[in-house]
Amino acid sequence: MIRDKSNYLKILLSVFFIVCVILPLIQVLANIDAASWQELLQQPKFSESIRNSLTASTLSTLVSVSLALLLSFCLARSNIRLKNMFKIVLTLPMLIPSISHGWGLKMLLGNNGILTKWLGLTEGIYGLTGIVMGSVMYSFPIAFLMLSDVLSYEDASPYEAASVLGINKFRQFTGITLPYLSKSLISVVFSVFTMVVTDYGVPTAIGGTYTTLPVSLLKEFELNSQSGKLSIYGAILLLPAVAAFVIDLLKKEQSRSGFVNKAIKPRKGVVRDLLCYAVCIVMCVVVLFPIVAFAMLSVMQNYPYDLSFTTDHIIKTIDQGGDVFLINSLIVSALVSVIGTAIAYLCAYCTARTTGLFSRALHLMSITSMAIPGLVLGLSYTIFFSGSALYGTLAILVFVNTIHFFASPYLMIYNSFNIINKSLEDVGATLNISRPRILRDVLIPQTRGTLVEMLSYFFVNSMMTISAVSFLANIDTRQIALMINTFEANSLMGCAAFVSLIILVVNLIVKTTFYILKKALKKNKPVKTAA
Amino acid sequence: MENQNTKIVVNDLKVVLGRKTILENINFDVKDGEFLSILGPSGCGKTTILRVLIGLLNPTGGTVIKDGVDITKAAPSKRGMGIVFQNYALFENMTVLKNVEYALRLDKNRKAQSREIAMEMLKAVGLEAHAKKKPSRLSGGQQQRVAIARTLALNPDVILFDEPMSALDVDTRMILRDELKALQKRFGTTMIYITHDQEEAFAMSDRIMVMDNGVIHQIDTPENIIKNPANDYVRRFVVHNLQLKIDSLSRFSTVCVKGDESAQ
């Protein structure tokens, strides 16, 4: 009968998750003690940072999701041209670390910012305003991509039926569009809120004296890396992510599988299209501003006092080990890309192509990493692996990044596997074709496109992450993104801008390469015809 | 004891999945070269029987005997059976020829003749002209023929069909029915065919097994089921439904005759 050899693989993968996710997390929570609680509660800064975090995250989420909704509507419900180009530009901020967004804003709207001078403003935007603006820049592309995706799958039939019944546009929006978007909007709101509340890049760069929870955690870490207070901060930061995870899980349980009967084709509307063009162009300019600022500041002598061309910042960055750190980042990102993709692929194979309780348990473990912010993950690794042979090596950075970015590529391939005919392995069993052969000869060729996307996702995110690796990297294993922190501390704006630019350029090259590869693979893909 | 020409004997088959009993006390046999249809509504346990027969599902109890040998615990590929699914389950990344050839190439004894056998099978199902195409470029009926050729290529003496025509249009189903019967005649294969379509079962089968809710109500020739339905369920599900179809068709036959006359 069928002896499921994939069980051995499932055991191996479960051990991996237990060691790399569950045990470190338990260690963080176990580290919480009553004395630390008491101490923290007595500090006014603690409650202030919670208040600040909630205020900044709520405002950022509101603005970010509203803008994302507006932009995704502009692209999905109009007949404007260059939609793909707008989409690429609007998602460019996804290729740079969050701290770079803060830095970009500082360069534009700080006390000596380019725009501050041009506009004749008296002071910069440090504090809540800066954090909200930076966080919106950082989280907007994610919200925009999620909502664009949802809107592109909306069915035209309910709108056609509503038009036939004489229901006006406003009622169509409240009666059809909003209910359709409601569940996805909840997910988007939670994802954005979690991203912002757990981010320390933007508040570090432009927060000024407005301290948020992640910044407090970082300051506490610099004082005592084994403090129980760190775990309390970690546990608090886990809460929104866990809530988002549970809501997403419940939403998926309740959701029924739908399909698009008819894609929505927007009617002619010159005024509407002109407005959409205007909105898209303005947003693209806003998105491109900080990037242009990086490029300019990396080659300016001493902004705003000396605007002459220089290569000093580039040379200084290299002198301070930028070339070595870049190589470190490339090595770690390449390893995360390959190892992460391999583990996520095998995991999804086990959970999507085999059945049983073990598969479901492994699926749950695989998506758990979604509920752990990078900062908390890094902290848990510091506490759990401290003193082990792994600590202080590139390997621990590979593991932490693999886990940090695991859930999304895992879900990409999990969904791809679920679309492929479920009876292939059964047919294989009757034809004496083993499961590994079916995997090698049938499943892998059919999921090449997704594999390329997974490789790209792991690489790009690993290249720019700061939160997960900031506690774990030492002088030998330092990543280039972490140099932004150092330069920020020394007020070396030009160098920080140059590092952000390097990360953007590397990620753009990688993204373009994988895009070309995916296109080439798609050429060989069979065309579906009706039965 | 089974008869000499009995191919498969199923004894006291029981399948429990979770807390639910899917099949209980299932006993039947299949003759060598016979076309047996398992007829019943969705969820009655038809596919479960098929999965137990081919070895994709472990029964909770009972035995499956083939050619006098207990195969209850044998691996699916060691049973000398093939299966054709409703959804074809073709390897989309391979050409039609490679789909048929793939399993043969992995078999040391047949590797050398794999291309030859695959082409012969494609010829048998009328698809030799499509050998180099990818399955997605074929119609549903053609894809099902590829699945049949792939199964036939390994020369099984029993082929199981899991509602193979449910996704096809009426015209294609009619053509494929005849082709399947012709293939059975040519290769002498025993065929066990699952369907919920009474008309299909009656048009193709030597015997029909009528099932509902994990229980066999009657196994007999189509004629005997019509003449002597075992119980009310068989009378309602099979005889009555067939009668309804015949009645509705006969109404239209007079219309057709009148139409023909007026045309003349």
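Residues numbered from 1 in each chain as written. Chains lettered and ligands numbered in written order. Predicted model: local features only at pLDDT ≥ 70, side-chain atom pairs only at ≥ 80, totals over all residues. Heavy atoms only, no water.

Draft legend 1. Local environment of the overall build of chain A. A count of helices and strands for chain A gives 24 helices and 2 strands. For a compact globule of 531 residues, the expected C-alpha radius of gyration is about 24 Å, and chain A comes in at 24 Å, within 12% of that figure. Projected onto its principal axes, the C-alpha coordinates of chain A cover approximately 70 × 65 × 45 Å. Residues classed as buried in chain A amount to 53% of the 531 residues present. Counting contacts in chain A only where the partners sit at least 6 residues apart, residues at least 24 apart contribute 81% of the total. Carbon and sulfur atoms provide 66% of the accessible area of chain A, an area that totals close to 24,300 Å². Each charge class in chain A was averaged separately, 40 positive and 25 negative side chains, and the resulting centres sit 13 Å apart. (Helix = DSSP H or I, 4+ residues; strand = E, 2+ residues; numbered from the N terminus. Rg over C-alpha atoms; globule rule 2.2 N^0.38 Å. Buried < 20%, exposed > 50% of the residue type's maximum accessible area, 1.4 Å probe, protein only. Contact = heavy atoms within 4.5 Å. Areas by Shrake-Rupley, 256 points an atom, 1.4 Å probe, with all protein chains shown as cover. Lys, Arg positive; Asp, Glu negative; His and termini not counted. Charge placed at Lys NZ, Arg CZ, Asp CG, Glu CD.)

Draft legend 2. Up close: empty space enclosed by the protein. Residue and element names in this part refer to chain A. Tallied over the entire structure, the rule returns 2 cavities of 30 Å³ or more. A volume near 60 Å³ is recorded for the largest cavity. Lining the largest cavity are Asn-52, Ser-53, Ala-56, Ser-57, Ile-131, Ser-135, Val-196, Val-197, Asp-199, Pro-203, Thr-212 and Pro-214. Elements supplying a minimum of two residues to the lining of the largest cavity: α3 (44-76), α7 (128-152) and α9 (169-197). Looking at the lining of the largest cavity, the element that brings in the most residues is α3, giving 4 residues. (1 Å grid on protein atoms, 1.4 Å probe; cavity = no way out; pocket = protein on both sides within 12 Å on 5 of 7 lines; lining within 4 Å. Points joined across faces, edges and corners; volume = space filled by probe spheres on them.)

Draft legend 3. Expanded view of the interface of chain A and chain B. On the chain B side, the residues contacting the 25 residues of chain A number 35 residues. Of the roughly 2,600 Å² buried where chain A meets chain B, counting both sides, 60% is carbon and sulfur surface. Linking chain A to chain B there are 1 salt bridge. We note a salt bridge from Arg51(B) to Asp426(A), for which the minimum N-O separation is 3.0 Å. If you look at where chain A meets chain B, you find 8 residue pairs in polar contact (both at pLDDT 80 or more). Where the side of chain A that touches chain B is concerned, the elements lending two or more residues are α20 (424-430) and α21 (435-446) of chain A. (Buried area = accessible area lost by both parts, 1.4 Å probe. Salt bridge = Lys/Arg side-chain N within 4 Å of Asp/Glu carboxyl O. Polar contact = N/O pair within 3.5 Å; in protein donor to acceptor, adjacent residues only side chain to side chain.)

Draft legend 4. How the structure looks around helix α16 (residues 357-368) of chain A. With 12 residues, α16(A) extends 17 Å from end C-alpha to end C-alpha; this agrees with the ideal 16 Å at 1.5 Å per step. What α16(A) keeps buried is the set Ser359(A), Leu362(A), His363(A), Met365(A), Ser366(A) and Ile367(A). (Expected span 1.5 Å × (residues − 1).)

Draft legend 5. Spatial organisation of the sheet that holds strand β6 (residues 81-84) of chain B. Residues and elements named next belong to chain B. As summarised here, the arrangement of the 6 strands in space is β6-β7-β8-β3-β9-β10, forming an open sheet in which the pairing is mixed. Both edges of this open sheet fall to β6 and β10 (215-220), since each of them pairs with a single strand only. Strand-to-strand, the axes of this sheet are offset by a mean angle of 15°, without reference to chain direction. Where strand β3 (residues 35-39) meets strand β9 (residues 207-212), 4 bridges bridge the pair, whose relative direction is parallel. Residue Leu-39 lies in a different strand from β9, and its bridge partner there is Val-210. The strands that helix α4 (residues 140-153) touches are β6 and β7 (158-162); relative to β6, the one it contacts most, it runs at about 170°. (Pairing = 2+ DSSP bridges. Axes fitted to C-alpha atoms, helices over the stretch in contact; angles between N-to-C directions.)

Draft legend 6. Fine view of the domain arrangement of chain A. Residue and element names in this part refer to chain A. Looking at chain A, the domain boundaries give domain 1 (1-30 + 319-524) and domain 2 (32-310). A separation of 23 Å is found between the C-alpha centroids of domain 1 and domain 2. Across the contact, 39 residues belong to domain 1 and 35 residues belong to domain 2. Roughly 3,300 Å² of surface becomes buried between domain 1 and domain 2 when both sides are summed, with 77% attributable to carbon and sulfur atoms. When the area that domain 1 buries against domain 2 is broken down by residue, the three leading residues are Leu-375, Glu-488 and Met-493, summing to 17%. Inspection of the region where domain 1 meets domain 2 yields 0 salt bridges. The tally of links from domain 1 across to domain 2 stands at 7 residue pairs in polar contact (both at pLDDT 80 or more). Here the side of domain 1 that touches domain 2 gets 12 residues from one element, more than from any other, and that element is helix α24 (residues 493-523). (Domains from an automatic or database assignment.)

Draft legend 7. Region of interest: unusual backbone geometry. Residue and element names in this part refer to chain B. Phi is positive for Asn-25, close to 55°, though the residue is something other than glycine. Assignment of secondary structure puts Asn-25 in strand β2 (residues 20-31). Assessed through its relative accessible area of 57%, Asn-25 is described here as exposed. In this structure, Glu-163 is a non-glycine residue whose phi angle is positive, near 45°. Mapped onto the fold, Glu-163 is located in the loop between β7 and α5 (170-187). Residue classification places Glu-163 among the buried positions, given a relative accessible area of 12%.

Draft legend 8. Broad picture of the pattern of salt bridges. Counted by the stated rule, this structure contains 26 salt bridges over all chains. Between Asp273(A) and Arg272(A) there is a salt bridge, with the nearest N and O atoms lying 3.0 Å from each other. For the salt bridge of Arg353(A) with Glu425(A), the shortest nitrogen-to-oxygen distance reads 2.9 Å. Note that Arg353(A) is positioned in helix α15 (residues 322-353) and Glu425(A) in helix α20, a separation of 72 residues in sequence. Assigned by exposure class, Arg353(A) and Glu425(A) land together as buried. Three or more residues are tied together by salt bridges with common partners; here these are Lys7(B), Lys66(B), Asp67(B) and Asp157(B).

Draft legend 9. The sheet that holds β2(B), seen in detail. Residues and elements named next belong to chain B. On the basis of which strands lie adjacent, the open sheet formed by 4 strands has the order β2-β1-β4-β5 and antiparallel pairing. Each having just a single partner strand, β2 and β5 (69-70) make up the two edges of the open sheet. Sheet strands touched by helix α1 (residues 46-54): β1 (6-17), β2 and β4 (61-66). Its angle to β2, the strand with the most contacts, is close to 65°.

Draft legend 10. Focus on the confidence of the model for chain A. The predicted model of chain A has a mean per-residue pLDDT of 88, with 95% of residues at 70 or higher. Here residues 526-531 of chain A is modelled with pLDDT under 50, and outside its nearest four sequence neighbours on either side it reaches 14 contacts, counting other chains as well. (pLDDT = per-residue confidence, 0-100.)

Draft legend 11. Region of interest: the side chain of Glu34(B). Residues and elements named next belong to chain B. Its location among the elements puts Glu-34 in the loop between β2 and β3. Exposure remark for Glu-34: the relative accessible area of 5% places this residue in the buried category. Within the local environment of Glu-34, its side chain forms a polar contact with the backbone nitrogen of Lys-31, the two atoms lying 2.8 Å apart. Setting aside anything within four residues of it in sequence, one finds Glu-34 in contact with Gln-184, Thr-189, Thr-190, Met-191, Asp-206 and Arg-207.

Draft legend 12. Just the environment of Phe144(A), in detail. Residue and element names in this part refer to chain A. On the secondary structure map, Phe-144 appears in helix α7. It is 24 Å that separates the C-alpha atoms of Phe-144 and Leu-375, two residues lying 231 residues apart in sequence. Residues in contact with Phe-144, not counting those within four places in the same chain, are Ala-68, Leu-71, Ser-72, Leu-75, Lys-87, Leu-90 and Thr-91.

Draft legend 13. Local environment of the domain arrangement of chain B. All names here are of chain B. Partitioning chain B into domains gives domain 1 (1-80 + 158-229) and domain 2 (90-155). Taken over C-alpha atoms, the centre of domain 1 sits 25 Å from the centre of domain 2. Taken together, the contact between domain 1 and domain 2 spans 13 residues of the former and 11 residues of the latter. In terms of surface lost to domain 2, no three residues of domain 1 exceed Ile-159, Leu-183 and Phe-187, which account for 39% of the buried area on that side. Where domain 1 packs against domain 2, one counts 1 salt bridge. Arg-145 is the partner of Glu-179 in a salt bridge, and the nearest nitrogen-oxygen pair spans 2.6 Å. Our enumeration of links across domain 1 and domain 2 arrives at 2 residue pairs in polar contact (both at pLDDT 80 or more).

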